[in-house]
Amino acid sequence: MTARSVSRGSGFGRDAFRGVRGKHRGFRRSHIPHCASILLVLAGTSAAAEFPTSVQQGSLVRATVDPHAKVRYADRDLRIGPHGEVVFGIGRDEAGPAHVDVRSRDGTHRDVVIEVTPRDWPVERIEGVPPKTVEPPPDIAERIKREQARVVAARARDDARADFTQAFAWPVDGRISGRFGNQRIYVVDGKDVPKSPHSGMDIAVPQGTPVKAPAAGIVTFAEPDLYLTGGTILLDHGHGVSSNFLHLSRLDVKVGERIEQGQTIGAVGMTGRATGPHLHWGMNWFDVRVDPLLLLEPAR
Ligand SMILES: [Zn+2]
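These numbers were taken from a predicted model, which means no experiment stands behind them. (Residues numbered from 1 in each chain as written. Predicted model: local features only at pLDDT ≥ 70, side-chain atom pairs only at ≥ 80, totals over all residues. Heavy atoms only, no water.)

Asks: So what's going on with the nonpolar core? Residues and values would help.
Replies: Counting 53 residues, the largest nonpolar core has Phe51, Phe88, Val100 and Phe245 as its most contacted members. Tallying contributions element by element places strand β20 (residues 279–285) first for this core, with four residues. Counting the residues that make up this core, at least three belong to each of domain 1 (4–117) and domain 2 (123–297). Listed in part, the five residues of the second largest apolar core include Val151, Ala154, Phe221 and Leu234. (Core = buried A, V, L, I, M, F, W, Y, C linked by side-chain atoms within 4.5 Å. Buried < 20%, exposed > 50% of the residue type's maximum accessible area, 1.4 Å probe, protein only. Helix = DSSP H or I, 4+ residues; strand = E, 2+ residues; numbered from the N terminus. Domains from an automatic or database assignment.)

What follows is the structure, encoded as structure tokens:
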């Protein structure tokens, strides 16, 4: 058996059932992508906006606009930082192009069009899962639902801080053992049961390895023992951008604490339904999951 599963609807996807061992069947290495950015000068208006012309699926898009502009994307008015910082997420399955409406001070609208380039999502087939573990008993399902609701609430924050503008750093040093977006299929009684794609990236490191904040933020959630995700920390980077760190063996921070980049927030473990020690690092723009790897330097 390589992984187990209990329920649908975990906000963290199925990762709670994944560990380090034997779970990357079908894994294919792809180059670490990054996005090009150019300066778009919007002639004839007071608003100059800098957006990438093209991004990959699962990207967190950071851009700058005139601080007095109004920006709308995906039916949401984006918060604009004092220096014109804006951010939004492009989902894993977003086909694009993405349209961003930028309204300048004089009322003129500009439709900023961003091409979304598709990615190749490897499929992992996980065999040997006992069928009875695919759906949880009602009391466990109820607990998972309650815990999930608290996580969703924490991710709904729209704080004015623009910590997301920092260059993100690796929270631990190690091999990537699971990539964002990989599609998982459980083979149960000889049938393929498609499950949610992997919601973050896994880094294989020993139990107890200190986890360092990849960027500054405020702790919005810190629980040592969630059913699926075990020791769980959410760090809010502002404007709806948050990181989640799962399966931790130790939590060093409390809700409400201000954390600086590089500060130790906890330690790697295999709590919850993980089968081996690893750090799962997920990122969100509100409820849109994005790929942390796209924010990191392509150093390895
Ligand atoms: Zn994971």
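Asks: Please provide a residue-by-residue account of helix α1 (residues 138–155), values included.
Replies: Taking 1.5 Å per residue, 18 residues should reach 26 Å; α1 reaches 26 Å between its end C-alpha atoms and fits that length. Here α1 has its buried residues at Ile140, Ile144, Glu147, Gln148, Val151, Ala154 and Arg155. One side of α1 holds all its buried residues, which, seen down the axis, span an arc of 110°. Opposite the buried face of α1, at more than 90 degrees from it, the exposed residues are Pro138, Asp139, Lys145 and Arg146. Buried-residue contacts for α1 involve β14 (217–226), β15 (230–238), β16 (241–248) and β20. (Expected span 1.5 Å × (residues − 1). Arc of directions from axis to C-beta. Contact = heavy atoms within 4.5 Å.)

Asks: Could you give an account of unusual backbone geometry, naming the residues involved and the relevant values?
Replies: Residue proline 97 is reached from glycine 96 by a cis peptide bond, and omega for that bond is -5°. As for its placement among the helices and strands, proline 97 is situated in the loop between β5 (85–89) and β6 (98–103). Phi is positive for alanine 74, close to 50°, though the residue is something other than glycine. Positive phi, normally seen in glycine, also occurs at aspartate 189, with a value near 50°. Position of aspartate 189 among the secondary structure elements: in the loop between β10 (183–188) and β11 (191–195).

Asks: Which residues make up the packing of aromatic side chains, and what values do they have?
Replies: Per the counting criterion, the structure on display carries five aromatic pairs. Both rings, one in tryptophan 121 and one in phenylalanine 180, keep their centres 6.0 Å apart while their planes meet at 65°; by these two values the pair is edge-to-face. Of this pair, tryptophan 121 sits in the loop between β7 (109–117) and β8 (123–127) while phenylalanine 180 sits in the loop between β9 (175–178) and β10, and the two are 59 residues apart along the sequence. For tryptophan 121, a relative accessible area of 16% puts it in the buried group. Overall, the relative accessible area of 3% leaves phenylalanine 180 in the buried class. Centre to centre, the rings of phenylalanine 245 and tryptophan 281 are 6.5 Å apart; their planes meet at 15°, and the pair counts as stacked. Here phenylalanine 245 is found in strand β16, whereas its partner tryptophan 281 is found in strand β20, with 36 residues between them in sequence. Relative accessible area serves as the criterion here: at 0%, phenylalanine 245 is assigned to the buried category. Ring pairing ties together the aromatic residues Tyr73, Phe88, Trp285 and Phe286, which thus form one cluster. Taking NZ or CZ as reference, arginine 92 lies 4.7 Å from the ring centre of tryptophan 121, over its face. (Phe/Tyr/Trp six-rings, centres within 6.5 Å; stacked < 30°, edge-to-face > 60°. Lys NZ or Arg CZ within 6 Å of the ring centre and 35° of its normal.)

Asks: Pulling in residues and values, what's your account of the sheet that holds strand β4 (residues 76–77)?
Replies: Spatially, five strands are ordered β1-β7-β6-β3-β4 in an open sheet, and the strand pairing comes out mixed. At either margin of the open sheet sits one strand with a lone partner, and together these are β1 (54–56) and β4. (Pairing = 2+ DSSP bridges.)

Asks: Give me the lowdown on empty space enclosed by the protein, citing residues and values where you can.
Replies: The gaps of empty space that remain are located by a probe, the size of a water molecule, rolled over the atoms. For the structure shown, the criterion picks out two cavities of 30 Å³ or more. The computed volume of the second largest cavity comes to approximately 40 Å³. What lines the second largest cavity is simply Arg76, Asp77, Leu78, Arg79, Val87, Asp158, His239, Trp285 and Phe286. Within the lining of the second largest cavity, the residues separate by chemical class into four nonpolar, one polar and four charged. Inspection of the lining of the second largest cavity shows a minimum of three residues originating in each of domain 1 (4–117) and domain 2 (123–297). (1 Å grid on protein atoms, 1.4 Å probe; cavity = no way out; pocket = protein on both sides within 12 Å on 5 of 7 lines; lining within 4 Å. Points joined across faces, edges and corners; volume = space filled by probe spheres on them. Nonpolar A, V, L, I, M, F, W, Y, C, P; charged D, E, K, R; others polar.)

Asks: Pulling in residues and values, what's your account of the environment of threonine 117?
Replies: Structurally, threonine 117 can be placed in strand β7. Sequence separation of threonine 117 and serine 54 is 63 residues, and the distance between their C-alpha atoms is 7.0 Å.

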